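Okay, here's what each chain looks like letter by letter:
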Amino acid sequence: MKMSIRAFATIALALAAFSQSAFAVVYPLPAANSRLIGQNFEITVPQDSKLPLEAFAAQYQMGLSNMLEANPNVDVYLPAAGTKMTIPQQLILPDAPREGIVINSAEMRLYYYPKGSKTVVVLPIGIGELGKDTPVNWTTTVQRKKDGPTWTPTKQMHADYAARGETIPAVFPAGPDNPMGLYALYIGRLYAIHGTNANFGIGLRVSHGCVRLRADDIKWLFQHVPVGTRVQFIDQPVKATVEPDGSRYVEVHNPLSTTEEQFNSREIVPINLTASVTKLLSDASVDQSLVNSSIQARSGMPTKVTAGAPNAQSIPVAVAENDMATPKEEPLTPVDAPLQAQANAAADAQPAAAPVTNENTVQPAQ
């Protein structure tokens, strides 16, 4: 059952989660001096569930990596019945302008700030595999959009497939079998934000460098993101914030492997803190043991590291699963809805205490 996007507010969503089959991805923007948004949730895998973790990830607007970071001991192929799983919907906004699209490869999420809406839409993505990496430290724009893109593999792609004893067509026509899906936002000669013809790969390094979204997510972006929209690529595995009440939080994701040795190793990839994060976490109010624990855990969820914090990580709100909320095998992602109505609903629901070219050019790698 596919649901329209609903405005996200911590209290409102906690109340609505018991009866809705898909959660919102629209968060009201916090004040300029705040970056913490959302609330984590906890579900229990139904006793008769035979679904893989990907089905739950799609149900709750997560990528597979987000679910695995928050639930490291859950079976990716068949989460055991009765297992409690955290849905990590509390986030720290990236350290980037709140404008247009921001793509953080490290956490495999896309942030879209619709102009004038005072909201942020957060969607999970798949990114480029090792050696065919999605760009980082790059700011560009949406140059054009295409309903029904075609895909022309490069010579190198044909060579890669041939080395495996496989062949691929010279051109993939538009349609449901196209690896680029049904919609594409072109952001350069070789890159695009596009859909997929697979029901997996969101939250994984699976593409040839492009940004991949579930079918309904890319449809929504296609319908709402104007040509000319700013697009910024970043790589921030560690995000940190100091909130208006002085509380400091850190959110740690597994950094992306940069070499084959790292990728194939059982050792965790080292984390290098940026100067701004180091400065924020070196304050006298911070409990360094909490920082170290968060870096070790890499849960992908904000952790309060202020000394004396009663709960280092926010306790997730329990959500009862029911027949209407049971995940299906297809993605349960947002369909079209008036964005301004969402913004108004988000503002109304927010707790009072919270401040307020040419088709024949080379096609992008999928």
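Worth saying up front: this structure is predicted, and the values here are computed from it rather than measured.

Caption draft 1: The pattern of salt bridges, seen in detail. For the structure on display, the rule yields 7 salt bridges. Glu107 is the partner of Arg109 in a salt bridge, and the nearest nitrogen-oxygen pair spans 2.9 Å. Look at Glu107 and you get buried, because its relative accessible area is 1%. Its salt-bridge partner being Lys239, residue Glu251 comes within 3.1 Å of it at the nearest N-O pair. On the criterion of sequence distance, the pair formed by Glu251 in strand E18 (residues 248–252) and Lys239 in strand E17 (residues 238–242) is long-range, its members being 12 residues apart. Of the residues examined, Glu251 reaches a relative accessible area of 0% and is grouped as buried.

Caption draft 2: Spatial organisation of the nonpolar core. Formed by 26 residues in total, the largest nonpolar core has its most connected members in Ile103, Ile193 and Leu221. Among the elements of the structure, strand E6 (100–104), strand E7 (109–113), strand E8 (119–124), strand E12 (183–186), helix H5 (215–224) and strand E16 (230–234) are those that each provide at least two residues to this core. Among the elements that make up this core, the one with the highest residue count is H5 (4 residues). With residues near it in sequence (within four places) discarded, Ile193 still touches Ile101, Ile103, Leu110, Tyr183, Ala184, Leu185, Ile187, Val211, Leu213, Ile218 and Leu221.

Caption draft 3: How the structure looks around the pairing of E12. Taking every second residue as pointing to the same face, both faces of E12 are buried, with Tyr183 and Leu185 on one and Ala184 and Tyr186 on the other. Here strand E11 (residues 144–147) pairs with E12 via 4 bridges, running antiparallel. Note that in E12 the partner of Lys145 across the bridge is Leu185. Pairing geometry for E12 and strand E13 (residues 192–194), over 3 bridges, is antiparallel. Looking at E13, one finds that Ala184 is bridged to His194.

Caption draft 4: Broad picture of the packing of aromatic side chains. What the rule picks out here adds up to 4 aromatic pairs. Geometrically, the ring pair formed by Tyr112 and Trp220 is edge-to-face, given 6.3 Å between the ring centres and 70° between the ring planes. Highlighted residues: Tyr112 in strand E7 and Trp220 in helix H5, separated in sequence by 108 residues. An identical accessibility class is assigned to Tyr112 and Trp220; each is buried. Taken together, the aromatic side chains of Trp138, Tyr191 and Phe233 make up a single cluster linked through ring pairs. Positioned above the aromatic ring of Tyr186 is the side chain of Arg144, whose terminal nitrogen or guanidinium carbon lies 3.9 Å from the ring centre.

Caption draft 5: Region of the structure containing the sheet that holds E17. Ordered in space as E17-E18-E19, the 3 strands form an open sheet in which the pairing is antiparallel. Two strands close off the open sheet at either side, each with one partner strand: E17 and strand E19 (303–304). Examined bridge by bridge, E18 and E19 share 2 bridges and lie antiparallel to one another. Residue Tyr249 lies in a different strand from E19, and its bridge partner there is Lys304.

Caption draft 6: Seen up close, the environment of Ile218. Residue position: Ile218 is located in helix H5. Ile218 sits in the buried class, given a relative accessible area of 1%. With residues near it in sequence (within four places) discarded, Ile218 still touches Tyr183, Leu185, Ile193, His194, Gly195 and Leu213.

Caption draft 7: Up close: H5. Counting buried residues in H5 gives 7 out of 10 residues, a clear majority hidden from the surface. Looking at H5, one finds that the buried residues are Asp216, Asp217, Ile218, Trp220, Leu221, Phe222 and His224.

Rules and cut-offs
Residues numbered from 1 in each chain as written. Predicted model: local features only at pLDDT ≥ 70, side-chain atom pairs only at ≥ 80, totals over all residues. Heavy atoms only, no water. Salt bridge = Lys/Arg side-chain N within 4 Å of Asp/Glu carboxyl O. Buried < 20%, exposed > 50% of the residue type's maximum accessible area, 1.4 Å probe, protein only. Helix = DSSP H or I, 4+ residues; strand = E, 2+ residues; numbered from the N terminus. Core = buried A, V, L, I, M, F, W, Y, C linked by side-chain atoms within 4.5 Å. Contact = heavy atoms within 4.5 Å. Pairing = 2+ DSSP bridges. Phe/Tyr/Trp six-rings, centres within 6.5 Å; stacked < 30°, edge-to-face > 60°. Lys NZ or Arg CZ within 6 Å of the ring centre and 35° of its normal.

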